[in-house]
Amino acid sequence: DNEHYNSEKAAQLLKHFRLTPDAPRSFDEAMVCAGGIPLQEIDTNNFESKKMRNIFLCGEMLDIDGDCGGYNLHFAWASGAAAGTAAATSSLQNPR
């Protein structure tokens, strides 16, 4: 429900959210997991959510699984760059 969404409050919560790991986990637990936001819910041209305007998603937030060998890292970086560029462009074109 977008009418109750406060983007400034969400941005502040995310900006100041902190996690403090207490110890590394084993290699068996350090693998890519399946699942995430279905691709049908984003515009694959700019990675913007179809459900909530001006929310851009990338990397392992999305339901995409690559083979081992750097494909998941490549997708995380490439989709992050594309989503970040689209978010910046959207922000400049639609200032508050």
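Structure report, in brief. Predicted model only: the values in this text are computed from it and were never measured. (Residues numbered from 1 in each chain as written. Predicted model: local features only at pLDDT ≥ 70, side-chain atom pairs only at ≥ 80, totals over all residues. Heavy atoms only, no water.)

**Here's the deal with helix α2 (residues 71–93)**
Part 1: Its 23 residues give α2 an end-to-end C-alpha distance of 32 Å, which sits within 8% of 33 Å, the value for a rise of 1.5 Å per residue.
Part 2: Every buried residue of α2 is accounted for by N72, S79, A83, A86 and S90. (Helix = DSSP H or I, 4+ residues; strand = E, 2+ residues; numbered from the N terminus. Expected span 1.5 Å × (residues − 1). Buried < 20%, exposed > 50% of the residue type's maximum accessible area, 1.4 Å probe, protein only.)

**Considerations on the environment of S79**
Part 1: Along the chain, the position of S79 falls in helix α2.
Part 2: A relative accessible area of 1% means that S79 is categorised as buried.
Part 3: As a C-alpha pair, S79 and F56 span 23 residues in sequence and 9.9 Å in three-dimensional space.
Part 4: A distance of 2.8 Å separates a polar atom in the side chain of S79 from the backbone nitrogen of G59. (Polar contact = N/O pair within 3.5 Å; in protein donor to acceptor, adjacent residues only side chain to side chain.)

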